[in-house]
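So the chains spell out like this:
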Amino acid sequence: MPDSQHSTTPASAALTLAEKIRGKRAHVGVVGLGYVGLPLAVEFARAGFHVTGIDVSAEKVARVNAGDSYVGDIPSAVLAPLVQSGHLRATTGFEVVADLDTINICVPTPLRKTKDPDMSFIVSSCQEIARFFHAGTLVILESTTYPGTTDELVLPLLAKNGLEVGRDFFLCFSPERVDPGNPKYQTVNIPKVVGGCTPACTEMGREFYAQALEHVVPVSSTQVAEMVKLLENTFRMINIGLVNEIAMMCDRMQINVWEVIDAAATKPFGFMPFYPGPGLGGHCIPIDPFYLSWKSKQAGIEARFIELAGYINGQMPHFVVDKVQGALNDAGKPVKGSKIHVMGVAYKRNIDDMRESPALDVMLLLQRRGGKLTYSDPHVPELHLDGVNLKAEPETAAADADCVVVVTDHTAFDYAALLERSRLIVDTRNALKGIASPKIVRL
Ligand code: SAJ
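Draft legend 1. Fine view of the domain arrangement of the protein chain. Here the protein chain is partitioned into domain 1 (10-220) and domain 2 (235-442). Put simply, the middle of domain 1 and the middle of domain 2, counted by C-alpha atoms, are 36 Å apart. Counting the surface lost from both domain 1 and domain 2, the interface buries some 1,100 Å², and carbon and sulfur atoms represent 65% of this. For the pair domain 1 and domain 2, the interface holds two salt bridges. The residue D179 makes a salt bridge to K348 at a minimum N-O spacing of 3.4 Å. Viewed at the interface, domain 2 and domain 1 are joined by six residue pairs in polar contact (both at pLDDT 80 or more).

Listed below in structure tokens is the structure:
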């Protein structure tokens, strides 16, 4: 059981906390038990800490306490023993903060419709934490956000009753780098960047992560740590935008962009392949860069690359729909009244996440042009448009369709059988790579 003594004098606060962390006697708290928070809580419980997860969802809390995992990367066979041994429990109440020594905040940071940051989850979590906050605590924000959030928004919410950061409590930012479903990189072996409000905070954060994770990367400030994550994901978004624009150029010049990319990828240095697609989905890449552009605009600098890449990526569903229209037209068929079957609707292969999925844009645009839509996706059991579930079995629907569109290239699909039974396939992911057939139209 954790040591429930909380030191009161400043100097001893740091010493006592560091000793608890090193001795794995610290009571670890994780706010937000999603695809980031639950794996983090599990890693610290596995390392021997007493961990309490806090989540607003009573269902999530009940499932954690029943050892019933809802996060793909954490099998119940891993979660249940940690709950049974008492190393991991969950609650919806923040009262437990009074007994916590460390608190990781892993709550969502979505964008509002106006494309500016929605900080409501961070603010509400910090307001609840502040109600029970005490000296000798380490707080680490992990939610992806704009540079300055930790110092400008979180710190004032916690630095109350004379508590001084770096002396009485410790505050850091550490970007989450969880890649759901990645078989090679999981929470324990993904290098963990951490930056504090003060050097003492950075050191406490480093010490904390070093107890459970394989590689810790301390940096000089919370702003550097916040910016690291935004650079990582803005890099991806812009390069995806670049390759999507290259795809549109190649299409116009009748050059096979997939062959171009594969050949360019043979360059052993100075190049990293990205691939064109139907658009940009997910809850990270389409969103994180706009946290950066929002903040940089406040600093008086227009983030032109981000805005341009956002525009180009946003054009891809329209580009795909034009390809479908052109392919049907070449077969003497209008989109209107044609049966169009979409293969794969999740935002990327082999997952079930639909957030910001470009498949939704493609299907809506085709429906607006009069297409009769169905879809197949082994990871997405239902998808309703106008109240109708468009789910159909690939075998029958593809054979019956005037055009099949591969939007998400799940590995579970039988592409050879799909080619056999389809009249026409628009392949937006090069899923039928290397297959030459007049039936196939590629991006
Ligand atoms: N996409 C392309 N072309 C590409 C790569 C991706 O069109 O070459 C599309 C995908 O289909 C998807 C979207 O972009 O719709 C985002 O794909 P992603 O591979 O970036 O996957 P995400 O959104 O799951 O991104 C996460 C990020 N992880 C974190 O933020 C912690 C990202 O930093 C990772 O690099 C990425 O996973 C990954 O590599 O899988």
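Read on for the rest.
Draft legend 2. The side chain of R429, seen in detail. Here R429 is to be found in the loop between β14 (425-427) and β15 (440-442). D409 is the oppositely charged side chain nearest to the buried, salt-bridge-free R429, at an N-O distance of 4.3 Å. Looking at R429, its side chain comes within polar contact range of the main-chain oxygen of V407, at 2.7 Å.

Draft legend 3. Inspection of the sheet that holds strand β7 (residues 192-196) at higher detail. The strand order β3-β2-β1-β4-β5-β6-β7-β8 describes an open sheet built from eight strands, whose pairing is mixed. Strands at the two margins of the open sheet, each flanked by one partner only, are β3 (88-91) and β8 (216-219). Strand-to-strand twist in this sheet, taken as the mean axis angle between neighbours without regard to direction, amounts to 25°. As defined by bridge partners, strand β2 (residues 50-54) adjoins β3 across four bridges and the pair is classed as parallel. Bridge pairing in β3 places V51 opposite L88. Relative to β7, helix α8 (residues 222-253) is tilted by about 145°, and along the sheet it contacts β6 (170-173), β7 and β8.

Rules and cut-offs
- Residues numbered from 1 in each chain as written.
- Predicted model: local features only at pLDDT ≥ 70, side-chain atom pairs only at ≥ 80, totals over all residues.
- Heavy atoms only, no water.
- Domains from an automatic or database assignment.
- Buried area = accessible area lost by both parts, 1.4 Å probe.
- Salt bridge = Lys/Arg side-chain N within 4 Å of Asp/Glu carboxyl O.
- Polar contact = N/O pair within 3.5 Å; in protein donor to acceptor, adjacent residues only side chain to side chain.
- Helix = DSSP H or I, 4+ residues; strand = E, 2+ residues; numbered from the N terminus.
- Buried < 20%, exposed > 50% of the residue type's maximum accessible area, 1.4 Å probe, protein only.
- Lys, Arg positive; Asp, Glu negative; His and termini not counted.
- Pairing = 2+ DSSP bridges.
- Axes fitted to C-alpha atoms, helices over the stretch in contact; angles between N-to-C directions.
- Contact = heavy atoms within 4.5 Å.

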